[in-house]
Amino acid sequence: MEIPFKKIELEDRELLEGYLKKKTYRSCELVFPNIYLWSRKYPVDYAIVEDTLIFRSLAECKGTSITFPAGEREQIHKAMDVMIQWFKEQNLTMHMHLVQEPEFELLSLWYPGEFEITYDRDSADYVYETEKLITLAGKKLHGKRNHINKFKEAYPDWSYEPITKENVEDCFQMALEWRNINQCEWDVEKRDEMCVTLNALRLLEELKLTGGLIRVEGRVIAFAIGEPLNPDTFVVHIEKAFADIQGAYPIINQQFAANAAKDYLYVNREEDTGSEGLRKAKLSYRPVFLVDKGMVRKIGGK
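Reading the values: rules and limits
Residues numbered from 1 in each chain as written. Predicted model: local features only at pLDDT ≥ 70, side-chain atom pairs only at ≥ 80, totals over all residues. Heavy atoms only, no water. Buried < 20%, exposed > 50% of the residue type's maximum accessible area, 1.4 Å probe, protein only. Helix = DSSP H or I, 4+ residues; strand = E, 2+ residues; numbered from the N terminus. Contact = heavy atoms within 4.5 Å. Arc of directions from axis to C-beta. Core = buried A, V, L, I, M, F, W, Y, C linked by side-chain atoms within 4.5 Å. Pairing = 2+ DSSP bridges.

## A closer look at helix 2 (residues 32–39)
- Most of helix 2 sits inside the fold, with seven of its eight residues counted as buried.
- Phe32, Pro33, Asn34, Ile35, Tyr36, Leu37 and Ser39 are the residues of helix 2 that are buried.
- Residues of helix 2 that are buried sit in contact with helix 1 (13–20), strand 2 (44–49), strand 3 (52–57), helix 8 (188–202), strand 10 (219–230) and strand 11 (233–241).

Here it is, written out as structure tokens:
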């Protein structure tokens, strides 16, 4: 059986988004800009199977893995039958990544005892109430308010701007400076993340991304990039600030939420990738819930 997997291109956006909109979950990965940008760094392609969308990764599980099909429920069941047969013909163990609980429930219903799931805490997305990110109200967020107040006192001429084609080059230059300060060239993960950041800035309009920046004395000291994830959730894909400027991260966090995400109930600030420092920082903003994602392996019914 041949399945025509294809490389993801900018012109595929309309086709892929038509299927992705049928997913109602809040996972940060399965939106076109994120998929497109990261597919430039890792081997990811897609196929339309039984009128559903499936992504294939050759980087997960040290082998071949697919996403849960995006489409109508009846078609998803048909697509799963096809993919089970495809993995069998390829003599590969079937793996699936980024699988959420409602999706695994369907697998368990359709194929009882044939699949197992392992949830990865490091890949869980942090989701916050937008209003709380903006107001930082309450005792638990008192420290965040203090950081912002100190920033405003230290830099009374600070300003926020949406990222546009007129000022995106300033963000690009700030990102290059950030890359040098953080020695990204010596860390593979940091280097890949910075490549994605620079490409996101370069393709901001083409990918229909939203950005915001903070200036101090005319210099960009922080910026963020995101997009609507679904009707009630905005996702922040990228956030960069100079760590030596006290309050730079809290101010871009708050201002980007206030300007770009104010019409959404929730903000998804993505995962912590297992970084202890990042986990502590994300938990300190008091997420309202986490979005768990699991790795699925076929264990029976061969």
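## Some thoughts on helix 1
- The complete set of buried residues in helix 1 reads Arg13, Leu16, Glu17, Tyr19 and Leu20. The arc that holds the buried residues of helix 1, viewed along the axis, is 160°, so those residues lie on one side.
- In this structure, the buried residues of helix 1 make contact with helix 2, strand 2 and strand 3.

## Re the environment of Glu177
- By the element assignment, Glu177 lies in helix 7 (residues 168–181).
- Accessibility expressed as a relative area gives 34% for Glu177, which makes it partly exposed.
- Spatially, the C-alpha atom of Glu177 lies 9.2 Å from that of Phe242, the residues being 65 residues apart in sequence.
- In contact with Glu177, other than residues within four places in its own chain, are Arg219 and Phe242.

## Examining the nonpolar core
- Phe55, Ile163, Ile221, Phe223 and Ile225 are the most contacted members of the largest nonpolar core, which has 63 residues in total.
- With residues near it in sequence (within four places) discarded, Phe55 still touches Ile8, Leu16, Leu20, Leu30, Ile35, Val44, Asp45, Tyr46, Ser65, Ile66, Thr67 and His97.
- In terms of nonpolar packing, the next biggest core, distinct from the first, is built from 25 residues, Phe5, Ile76, Ala79 and Val99 among them.

## Considerations on the pairing of strand 11
- Of all nine residues in strand 11, nine are buried; the element is thus mostly enclosed.
- Looking at chain direction, strand 10 and strand 11 are connected through eight bridges and run antiparallel. Bridge pairing in strand 11 places Phe223 opposite Lys240.
- Here strand 10 hands over to strand 11 after two residues, the two strands then running antiparallel side by side.
- Note: strand 11 against strand 12 (residues 266–268), three bridges, orientation parallel. Residue Phe234 lies in a different strand from strand 12, and its bridge partner there is Val267.

Purely spatial values, then, with no claim about function.
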